[in-house]
Amino acid sequence: MEILLKRVLKSESFTMGQLYLPRKDGKEGMELLCDTLEPTWRDLAHGAKKVWGRTAIPEGRYPLVITKSPKFGGWRPLLLGVPMFTEVRIHEGNTRRDTTGCILVGRQVSPGVLENSRIWLRRLILRLTQQGDTIEPMFITVE
């Protein structure tokens with residue numbers, strides 16, 4: 001399964017995006033699932049410095065697995081192989097203060113603020129785990 005995170009707003013203090021998954025009806029293409037919130041985007045590929053806890057992950061394609069999070073105590077998607085980052089998860093949260101580099105999911109109510117994050121996280125995990133009889137590798141592309 002391939003999912004896509006399109007960043008749509010890069011401000012000085014947060015990054016807003018939209019998370020797309022393959023269409024539920026089985027047709028070609030992707031459909032919007034929810035909004036995302038991350039720390040500040042910095043152009044790490046061109047020499048910008050990472051600020052711990054305040055930097056969004058670099059663009060790229062990353063393997064995605066669902067594992068039990070020691071921090072959150074439940075099952076959360078985990079991005080693998082993110083350069084300069086460890087334990088990057090997709091998890092619940094409402095403002096930039098709820099992330100130190102991870103991707104928050106929810107519905108945007110204003111720039112830099114999400115709501116119903118736990119609901120959208122459950123919906124995401126449900127979609128990622130409903131793969132039928134086959135186990136398909138999962139990847140997330142961050143643009």
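For the structure itself, consult the block above.
Each value, and the rule that gives it
- Residues numbered from 1 in each chain as written.
- Predicted model: local features only at pLDDT ≥ 70, side-chain atom pairs only at ≥ 80, totals over all residues.
- Heavy atoms only, no water.
- Helix = DSSP H or I, 4+ residues; strand = E, 2+ residues; numbered from the N terminus.
- Buried < 20%, exposed > 50% of the residue type's maximum accessible area, 1.4 Å probe, protein only.
- Core = buried A, V, L, I, M, F, W, Y, C linked by side-chain atoms within 4.5 Å.
- Contact = heavy atoms within 4.5 Å.
- Phe/Tyr/Trp six-rings, centres within 6.5 Å; stacked < 30°, edge-to-face > 60°.
- Lys NZ or Arg CZ within 6 Å of the ring centre and 35° of its normal.
- Expected span 1.5 Å × (residues − 1).
- Arc of directions from axis to C-beta.
- Salt bridge = Lys/Arg side-chain N within 4 Å of Asp/Glu carboxyl O.

Chemist: Go over the environment of Phe-14, please, and point to the residues and values.
Modeler: Mapped onto the elements of the fold, Phe-14 is located in the loop between strand 1 (2–10) and strand 2 (15–22). Assessed through its relative accessible area of 12%, Phe-14 is described here as buried. Separated by 97 residues in the primary sequence, Phe-14 and Pro-111 place their C-alpha atoms 8.7 Å from one another.

Chemist: Go over the nonpolar core with me, naming the residues and quoting the values.
Modeler: The biggest cluster of nonpolar side chains holds 27 residues, and the ones touching the most others in it are Leu-19, Ile-57, Leu-79, Ile-90, Leu-128 and Ile-140. Sorting the residues of this core by element identifies strand 1, strand 2, strand 3 (30–38), strand 4 (60–68), strand 6 (88–91), strand 7 (103–110), helix 1 (117–129) and strand 9 (138–142) as the ones contributing at least two each. Setting aside chain neighbours within four positions, we find Leu-128 in contact with Met-1, Ile-3, Leu-21, Leu-64, Ile-66, Pro-77 and Met-138. Counting residues in hydrophobic clusters, the runner-up holds 5 residues, among them Phe-14, Met-16, Leu-37 and Leu-104.

Chemist: How would you summarise the packing of aromatic side chains if you had to cite specific residues and measurements?
Modeler: In this description, an aromatic ring pair is defined by two values, namely the gap between the centres and the angle between the planes. Throughout the structure, instances matching the rule amount to 0 aromatic pairs. Directly above the ring of Tyr-20 sits Lys-6, whose terminal nitrogen or CZ lies 5.6 Å from the centroid. Its end group placed over the ring of Trp-120, Arg-123 keeps NZ or CZ at 4.3 Å from the ring centre.

Chemist: I'd like a rundown of helix 1, residues and numbers included.
Modeler: Over its 13 residues, helix 1 extends 18 Å from the first C-alpha to the last, a length consistent with the 18 Å expected when each residue adds 1.5 Å. Considered for burial, the residues of helix 1 that qualify are Ser-117, Trp-120, Leu-121, Leu-124, Ile-125, Arg-127 and Leu-128. For helix 1, the buried positions fall inside an angular range of 160 degrees around the axis, keeping them on one side. In helix 1, the exposed positions angled more than 90 degrees off the buried face are occupied by Arg-118 and Arg-122.

Chemist: So, the pattern of salt bridges: which residues are in play, and what are the values?
Modeler: On inspection of all chains with the given rule, the structure shows 9 salt bridges. For the salt bridge of Arg-23 with Asp-25, the shortest nitrogen-to-oxygen distance reads 2.5 Å. Residue classification places Arg-23 among the partly exposed residues on the basis of a relative accessible area of 31%. Taking relative accessible area as the criterion, Asp-25 reaches 47% and is therefore assigned partly exposed.

By themselves these figures say nothing about function.
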